[in-house]
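Descriptive structure summary
Below are the chains, spelled out letter by letter.
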There are 2 protein chains.
Amino acid sequence: MSAPSSRATASEARDIDAPTTQPRKRGPKVDVEQTLRRKREILRGAARLFDKVGYHGVNMSMIAEAAGLKKPTLYHYISGKDEILFMLHELFIGTLRQNTDARLESGADALAVLRGVVEDVFKLIHDYPGYIRAFFEHFRELDPKKQAPIAAKRDEYVTLIISVVRKAMTEGTVRKADPTLTAHCLFGICNWAYQWYRPHKDPAPEVIATKCWNIFLNGLAPR
Amino acid sequence: MSAPSSRATASEARDIDAPTTQPRKRGPKVDVEQTLRRKREILRGAARLFDKVGYHGVNMSMIAEAAGLKKPTLYHYISGKDEILFMLHELFIGTLRQNTDARLESGADALAVLRGVVEDVFKLIHDYPGYIRAFFEHFRELDPKKQAPIAAKRDEYVTLIISVVRKAMTEGTVRKADPTLTAHCLFGICNWAYQWYRPHKDPAPEVIATKCWNIFLNGLAPR
């Protein structure tokens, strides 16, 4: 049920390879791979900077410095902050969706799929500090044309999770209540963690995810 | 247990009257009252704008227009966006703290105090659209000197709620688990609602708060 890190990496590669983020120059295979690796490094460094000083406090010179590149070289890979922000959004929602799809395809029961959501989010906060903050807080600063596909993916994902909640209620593994509100409470418990979970100080994401899941599973009222 | 709106208003008046946001010119009492009322109107209009186009998309001309003031008149009341952002933060955390203190002083049991947290947040999202987004998303854009007192108040409030969770666990009204994580789950359920609760389309905040509270109280697992 835990999301293996290779999955996140696969997703990252897929998303970074998306049409909107194609390398500008064509070349032999080795160059494409190098470009992808470089883009991933730039993305990771930029996300750390966004987390540290805020999206608006970061400029392309700082991103170049974090990636160990000169500014003209940086522009060879990335058109600007907006492209980085879009890539962060694609990576985040793409990973969540891919992991949920994999669980559903593997025949995991609805309750296990819901638990997986909590684990995914804690793992993403841990593995990619800054991405999740950019995802939640800077969506509306994306170019409106870029907002639409991300919003569509996000809405599809939320709808999917609500349908899983409904299925779990029908199966009797989740107590009957409003499925949409139940899903929002689940998202709240894990998504809100980007405000308090400190990846390199607190226990591992799987440990915290399990504890938070159990708190929600059992509820506040003593049984 | 619901937070009467007069309480929020009292808090607003108190916070707007804080030393940092004193009117710049002294005058008779009627002027002070008018200044406070005007500041509140400016704050409300600015919060709506922040919610609509994002903090960075708003300038002082837009805030003046929303308040029906000329720009020089606006500057008579408010020094700039940073002051508005600070006032929003003070209002938000001040209201939460004041309502919790009132419940504790009235002898409410720990469980009722925790339920009150959920109601407070939904009511704030409903009554002040935009404030809560500014509170959660733009804290780090406050002048660092202004961040410190807000962070201190926020931390005190979180610590207070954790102590209430601990008390409820001792009393046996809340199931024993990690009190800090339990508090974070509670905050997640209500705070995250600023991302999905639509004040003028969804049911009243008290209704949604009750449903979310019951979902968390009973837990996902059927009893």
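Things to note about the overall build of chain A
Secondary structure summary: chain A contains ten helices and zero strands in total. Listing every helix and strand of chain A by position from the N terminus yields α-α-α-α-α-α-α-α-α-α. Of the contacts made within chain A by residues no fewer than 6 positions apart, 70% connect residues no fewer than 24 positions apart.

Digging into the interface of chain B and chain A
Each side of the interface is counted separately: chain B has 32 residues, and chain A has 32 residues. When residues of the side of chain B that touches chain A are traced back to their parent elements, those giving at least two are helix H9 (179–191) and helix H10 (205–218) of chain B. It is H9(B) that contributes the most residues to the side of chain B that touches chain A, eight residues altogether. Counted by class, the side of chain B that touches chain A contains 16 nonpolar, nine polar and seven charged residues.

Notes on the relation of the copies chain B and chain A
Each of the two chain copies goes to the other by way of a rotation about an axis and a shift along it. Mapping chain B onto chain A is achieved by rotating through 180° and translating by 0.0 Å along the same axis, at an RMSD of 0.0 Å. On the angle and the small slide along the axis, the relation comes out as a two-fold axis. When each C-alpha of chain B is compared by its distance to the rotation axis, Gly219(B) comes out closest, at 1.7 Å. Taken as a fraction of all interface residues of chain B, those also at the interface in chain A reach 100%, which identifies the copy contact as same-surface.

Observations regarding the environment of Ala221(B)
Within the secondary structure, Ala221(B) sits in the segment after H10. For Ala221(B), the contacting residues outside a window of four places in its chain are Arg175(A), Leu217(A) and Asn218(A).

Here we look at helix H5 (residues 81–105) of chain A
Its 25 residues place the ends of H5(A) 36 Å apart at the C-alpha level, agreeing with the 36 Å of an ideal helix rising 1.5 Å per residue. Once H5(A) finishes, Gly107(A) follows within two positions and takes phi at roughly 85°, a positive value.

What to know about the packing of helix H6 (residues 110–127) of chain A against helix H8 (residues 144–171) of chain A
Residues and elements named next belong to chain A. In contact at an axis separation of 8 Å, H6 and H8 are set at 140° when each is read in the N-to-C sense. Helix-helix and strand crossings are classified by hand; for H6 and H8 the assignment is left-handed. Between H6 and H8, the contacting residues are Ala 110, Leu 111, Val 113, Leu 114 and Val 117 on the first element and Ile 161, Val 164, Val 165, Lys 167, Ala 168 and Glu 171 on the second.

As for helix H6 (residues 110–127) of chain B
Taking 1.5 Å per residue as the helical rise, H6(B) with its 18 residues ought to reach 26 Å, and the 25 Å between its terminal C-alpha atoms agrees with that figure. Within H6(B), 16 of the 18 residues are buried, which leaves it mostly tucked inside the rest of the structure.

Description of the environment of Leu181(B)
Turning to its location among the elements, Leu181(B) is positioned in helix H9. In this structure Leu181(B) comes out as buried when scored by C-beta crowding, with 21 C-beta atoms within 10 Å. Each C-alpha atom of the pair Leu181(B) and Glu41(B) lies 38 Å from the other, and the pair is 140 residues apart in sequence. Once you skip the residues sitting within four places of it in the chain, Leu181(B) turns out to touch Lys211(A), Cys212(A) and Ile215(A).

Considering the packing of helix H10 (residues 205–218) of chain A against H9(B)
Look at H10(A) against H9(B): their axes get within 10 Å of each other, and the N-to-C directions meet at 70°. With respect to H9(B), the element H10(A) is oriented roughly perpendicular. The interaxial crossing formed by H10(A) with H9(B) has right-handed handedness. Listed contacts from H9(B) to Lys211(A), Cys212(A), Ile215(A) and Phe216(A) of H10(A) are Leu181(B), Thr182(B) and Cys185(B).

Let's talk about the nonpolar core
With 125 residues, the main nonpolar core has Leu88(A), Cys212(A), Leu88(B) and Cys212(B) as its most contacted residues. At ten residues, H6(B) tops the list of elements feeding residues into this core. Setting aside residues up to four positions removed in sequence, Leu88(A) forms contacts with Leu43(A), Ala47(A), Tyr131(A), Ala134(A) and Phe135(A).

Looking at the environment of Glu90(A)
Along the polypeptide, Glu90(A) turns up in helix H5. Distance in space between the C-alpha atoms of Glu90(A) and Ile150(A) is 6.8 Å, their sequence separation being 60 residues.

Some thoughts on the confidence of the model for chain A
Residues and elements named next belong to chain A. A residue-level look at chain A finds 87% of positions with pLDDT of 70 or above and a mean pLDDT of 86. Counted against residues more than four places away or in other chains, residues 1–24, with its pLDDT under 50, gives 45 contacts. Per the prediction output, this complex has pTM 0.83; the corresponding ipTM is 0.82.

Cut-offs and rules
Residues numbered from 1 in each chain as written. Chains lettered and ligands numbered in written order. Predicted model: local features only at pLDDT ≥ 70, side-chain atom pairs only at ≥ 80, totals over all residues. Helix = DSSP H or I, 4+ residues; strand = E, 2+ residues; numbered from the N terminus. Contact = placed C-beta atoms within 7 Å. Nonpolar A, V, L, I, M, F, W, Y, C, P; charged D, E, K, R; others polar. Least-squares fit on C-alpha atoms with pLDDT ≥ 70 in both. Expected span 1.5 Å × (residues − 1). Axes fitted to C-alpha atoms, helices over the stretch in contact; angles between N-to-C directions. Left-handed = near helix turned anticlockwise from the far one by under 90°. Buried ≥ 20, exposed ≤ 12 C-beta atoms within 10 Å, placed from the backbone. Parallel < 35°, antiparallel > 145°, perpendicular 65-115°, else oblique. Core = buried A, V, L, I, M, F, W, Y, C linked by C-beta atoms within 7 Å. pLDDT = per-residue confidence, 0-100.

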